[in-house]
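# Commentary on secondary and tertiary structure
Listed below, chain by chain, are the residues.
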Amino acid sequence: MAVPVTRRQLIGGAAGGLVAWGSVSAATSRAARHRLPEPETVTAGDPALMSAVDAAALLRAGLLHPRELLESCLSRTRAFDGDVGAWVRLYPELAYEAADAAGERLARARREQTHISPLCGLPIALKDIFAVSGLPLTASSRVLEGNIAAGHSGVWRRLDAAGAVLMGHTHTDEFAIGVTTPQVGNPWNTRFSPGGSSGGSAAALAARFVPLALGSDTGGSARLPASACGVSSIKPTYGAITSYGMIPLTWTRDHVGPMARSLGDAALLMSVLAGPDADDPITSLGRPVPEGGYPLAARGGAAPLSGIRIGVPVDSRPAPVAAVQRVVDGFLDVVRSLGAVTVPVTMPPLPSSLATGDQVEMGSYHQQFADRLGLYRPDKAVLVSAAVASLGVPVGDYFQFERDRLRYQSEYNRMFADQDLDAIAVAGSAVDGARRDEFLGVSVTAGVVGDVRWANYAGAPVVTLPAGRSGDTGMPVGVQLGARPWQDAELIAIGLEVQAAVPIWRDEPVLVPAIARVPEVGSVQPGRGPDPTNTVGAAAPLRTPAMNPVG
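A brief report on the enclosed structure follows. (Residues numbered from 1 in each chain as written. Predicted model: local features only at pLDDT ≥ 70, side-chain atom pairs only at ≥ 80, totals over all residues. Heavy atoms only, no water.)

A count of helical and extended segments in the protein gives 14 helices and 13 strands. For 551 residues, the compact-globule formula gives about 24 Å, and the C-alpha radius of gyration of the protein, at 21 Å, lands near that figure. Oriented by its inertia axes, the alpha-carbon framework of the protein measures out at about 65 × 55 × 45 Å. Relative to its full complement of 551 residues, the protein shows a buried share of 63%. When contacts within the protein are restricted to residue pairs at least 6 apart in sequence, those whose partners lie at least 24 apart make up 79%. Split by element, the accessible area of the protein, about 18600 Å² in all, is 55% carbon and sulfur. Here the protein carries 46 positive and 51 negative side-chain charges, and the mean point of each set is 2 Å from the other. (Helix = DSSP H or I, 4+ residues; strand = E, 2+ residues; numbered from the N terminus. Rg over C-alpha atoms; globule rule 2.2 N^0.38 Å. Buried < 20%, exposed > 50% of the residue type's maximum accessible area, 1.4 Å probe, protein only. Contact = heavy atoms within 4.5 Å. Areas by Shrake-Rupley, 256 points an atom, 1.4 Å probe, with all protein chains shown as cover. Lys, Arg positive; Asp, Glu negative; His and termini not counted. Charge placed at Lys NZ, Arg CZ, Asp CG, Glu CD.)

The next thing to look at is empty space enclosed by the protein. Scanning all chains against the criterion turns up five cavities of 30 Å³ or more. If you add up the space inside the largest cavity, you get close to 230 Å³. Lining of the largest cavity is provided by 20 residues; of these, Ala228, Ser429, Val431, Gly433 and Ala434 occupy positions nearest its centre. Its residues assigned to classes, the lining of the largest cavity comprises twelve nonpolar, eight polar and no charged. (1 Å grid on protein atoms, 1.4 Å probe; cavity = no way out; pocket = protein on both sides within 12 Å on 5 of 7 lines; lining within 4 Å. Points joined across faces, edges and corners; volume = space filled by probe spheres on them. Nonpolar A, V, L, I, M, F, W, Y, C, P; charged D, E, K, R; others polar.)

Turning our attention to the packing of helix α8 (residues 263-273) against helix α14 (residues 488-501). One way to put it is that α8 packs onto α14 with a least axis distance of 9 Å and a crossing angle of 155 degrees. Taken together, the axis directions place α8 and α14 in an arrangement best described as roughly antiparallel. Our pair here, α8 against α14, has a crossing hand that is left-handed. Counted together, Leu263, Gly264, Ala267 and Met270 of α8 and Asp488, Ile492, Gly495, Leu496 and Gln499 of α14 form the full contact between these two elements. (Axes fitted to C-alpha atoms, helices over the stretch in contact; angles between N-to-C directions. Parallel < 35°, antiparallel > 145°, perpendicular 65-115°, else oblique. Left-handed = near helix turned anticlockwise from the far one by under 90°.)

Tallying each qualifying case throughout the model produces eight aromatic pairs. When the ring of tyrosine 365 is compared with that of phenylalanine 369, the centres are 5.7 Å apart and the planes differ by 75 degrees; the resulting orientation is edge-to-face. Under the relative-accessibility criterion, tyrosine 365 is labelled buried at 0%. Looking at phenylalanine 369, the relative accessible area reads 3%, which means it is buried. Taken together, a centroid distance of 5.1 Å and an interplanar angle of 50 degrees make the contact between tyrosine 412 and phenylalanine 416 tilted. Taken together, the residues span about one helical turn, with tyrosine 412 and phenylalanine 416 both in helix α12 (residues 395-419) at a distance of four residues. Phenylalanine 416 matches tyrosine 412 in its accessibility class, with the two residues each being buried. An aromatic cluster is built from Phe175, Trp251, Tyr365, Phe369 and Tyr376, whose rings are joined through pairwise contacts. (Phe/Tyr/Trp six-rings, centres within 6.5 Å; stacked < 30°, edge-to-face > 60°.)

Strand order in the open sheet made by the eleven strands is β3-β5-β4-β6-β8-β7-β12-β13-β11-β9-β10, with mixed pairing throughout. Every other strand in the sheet has two partners, leaving β3 (87-90) and β10 (341-345) as the edge strands with one partner each. Across the sheet, the mean angle separating the axes of adjacent strands is 30 degrees when strand polarity is ignored. Along the sheet, helix α3 (residues 66-84) makes contact with β3, β4 (123-127) and β5 (165-170), crossing β5 at roughly 20 degrees. Sheet contacts for helix α6 (residues 199-206): β3, β4, β5, β6 (212-217) and β8 (255-260); angle to β6, the most-contacted strand, approximately 150 degrees. (Pairing = 2+ DSSP bridges.)

This is how it looks when you write it as structure tokens:
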């Protein structure tokens, strides 16, 4: 098992998602925060238990082969996933081929002292909404049973080019609609939900089945599971990462969500995923990936957050239960001990018209399946029926939604300016764990289990960190740190300092051996399209510049 890396041992050398071979000067603090650990600081135990940055350091040094890492992850999955159920499908044959190819690329880079992606050879899980040509894509729904992706999603094109090893697709709450992912158990206690809709990705990370995963976030779909499972996530600024070839929930609020055990691991993943994609024009309007990529490690020191102002909303809706609030209060104590100042703030109210826009956008995709309502889970059939019916609202109501959202984005940015804030801190969830069937029929757009919708309407970046575990249930509790749009790098840097001081992410759940019951499949002839997901509705709307917050 990897030894903990101290805040002073840390990480440098990734330029535009590439890591240079050979020595990298640690003369500057900034360089040290962007480089992988020195291989000798990583103890090689079970590779499946290593963080992504530790595994990447050993892979590039030739001390670990991608096939060995993959074998460890697959073995752990096959031994324990029967009780967790994180995976909807595994692709071992394709994964071994990719691991061998990555091993050759790594060896060639060592010989020739050339640049190579830090993701080369790392296994990854994709939420079952991201298309990979020739592989099934079902959104964990009988509605899409037998569907085969017609092409690669934008994110998989980047990951494939980087040499990442696709291990499988993880379960989502059906079509990413709900907050429970009831087919998956939380590795900390499988009677509890892993959250939703990216529950399979969060559970696979917490169980140490895979070091990296992709989720999505439309109304907390990455943040709620990260908080519930004790892992980390990044909801980037809207438009920072392409959503091309991703089955949508609502086009103007869908965000790709890098997920990992630690924030540094998630930042490593985001450094490769972020940037322009010709198939998703909105991505060309944002800030470029910082030179050297996003920071991977904390700066450290006695008061690394000195001068940072963090707002703490006094009006969270819903308010966290007492056991959750106690953990959040302890987290804020740590933030202050690192030099930050916390100030009470009042969040701008969410306009009621936003619910109309959510319904219309969801209905515009699902209307194509109106003749298959009986194939949805009963609780989802009700939500889908209501969404399709919402297409009858006057077009003026939808335009009002767009105007109200722009006004909300302005008010959110003004709050930061008026209070001179660098970030806000919000509980990752309001509930202290939830039974697997407790919130069936609740959409992620409803904001019932946590104060999360603000970030999707504002288009703002958010990192979610493990903060501790409840004294009542023993389940993980997370905290969201949010910033203004396009402050992703600055926000990640703040989160890294806190996570270094509170390394809760290193804690591992105790799993019960249970043989996995996961289909293991290979690639077949791609679907006909026209879009990569092979579902007609995904090709129709495009995200527009007017919906992209800049500020």
